[in-house]
Amino acid sequence: MQTLHAPRYRGIFPVVPTTFTEAGDLDLASQKRAVDFMIDAGSDGLCILANFSEQFALSDDERDLLTRTVLEHVQGRVPVIVTTTHYSTQVCIARSRRAQELGAAMVMVMPPYHGATFRVPEARIYEFFAHLSDALSIPIMIQDAPASGTVLSAPLLARMACEIEQVSYFKIETPGAANKLRELIRLGGDAVEGPWDGEEGITLLADLEAGATGAMTGGGFPDGIRPIIEAHRDGQGELAYERYQKWLPLINHENRQGGILTAKALMKAGGIIASEAPRHPMPIMPADTRRELLAIAKRLDPLVLRWAA
């Protein structure tokens, strides 16, 4: 069990979108520009191959290529979390070892699931993360999100934090996230090195109040999110509230309207990437949603709309 009072990683670690050409091929030149922008915008670190990266639309070879390309391009400027989720313990271990070899600071993993009905019992979930930990020397972040359809109770998460060496970070995205974070911290103590916020920051302020030390948001406006986190960390609650209130319309539009495609739409509008297209069969962003997104963003003047100028 690790008992670190100061987390190794904290702050904002936004998800890097995967950039495609209009034909659906990887666009590595745009990918590198997206990474450079996100670092310049104040990201404390990055996360790649997450659901907001359309990881479910990538082949294994593409995953490997993107991991290598991003980590080599970042060159240690910020730590990078690599998502290695898979139903199979064996495959998840192989993906995670590969990410570690290439320089990942951490892996993020959802509990094993497949489709709408394939789930495993709690004991097997514990074994899954225990075996993964035994194979690694870097931290594991458990992603607790509705997409898996798997209930991860606070007692189970705390037990894994206390008993499984590398399990030390938790991204909580379920309903009632703040209350779950409080319970997790209460039960796990110092073993919960990194209780983190997720879900595009829609519950950010409540989660920070509950003890979150990190946030994994969308990648379009880290320069708006970071000052909220820093003000709260410095004990300036009113300032954190004011900053959150300012950016909340954009946070809300990403969470409830634009979703996965929000960061790419903003980056395309700012001239950072060549195309905002998702990979088929994901639908493109509706024109009205995009128009409303840009109207909100322009009022806030985020770096994403100015960086490439």
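To be clear, the structure that these remarks concern was listed above.
Below: a short report on this structure. Just so you know, these numbers come straight off a predicted model, no measurement behind them.

1. Some details on the pairing of strand 8 (residues 167-172)
Part 1 of the argument: Most of strand 8 is tucked away: 6 of the 6 residues are buried.
Part 2 of the argument: Where strand 7 (residues 140-144) meets strand 8, 5 bridges bridge the pair, whose relative direction is parallel. Note that in strand 8 the partner of Met 141 across the bridge is Tyr 169.
Part 3 of the argument: A crossover connection joins strand 7 to the parallel strand 8 through helix 5 (residues 154-163); in handedness this β-α-β unit is right-handed.
Part 4 of the argument: Examined bridge by bridge, strand 8 and strand 9 (residues 194-197) share 4 bridges and lie parallel to one another. Within strand 9, the position partnered with Ile 172 by the bridge is Asp 197.
Part 5 of the argument: As a crossover connection, the stretch from strand 8 through helix 6 (residues 177-188) into strand 9 is right-handed.

2. As for helix 6
Part 1 of the argument: For helix 6, built from 12 residues, the straight-helix expectation of 16 Å at 1.5 Å per residue is met to within 8% by its first-to-last C-alpha distance of 16 Å.
Part 2 of the argument: Those residues of helix 6 hidden inside the fold are in contact with strand 7, helix 5, strand 8, strand 9 and helix 7 (204-210).
Part 3 of the argument: Looking one or two places after helix 6, you find Gly 189, whose phi comes out positive at around 55°.

Parameters and conventions
Residues numbered from 1 in each chain as written. Predicted model: local features only at pLDDT ≥ 70, side-chain atom pairs only at ≥ 80, totals over all residues. Heavy atoms only, no water. Buried < 20%, exposed > 50% of the residue type's maximum accessible area, 1.4 Å probe, protein only. Helix = DSSP H or I, 4+ residues; strand = E, 2+ residues; numbered from the N terminus. Pairing = 2+ DSSP bridges. Right-handed = clockwise from strand over helix to strand, strands pointing away. Expected span 1.5 Å × (residues − 1). Contact = heavy atoms within 4.5 Å.

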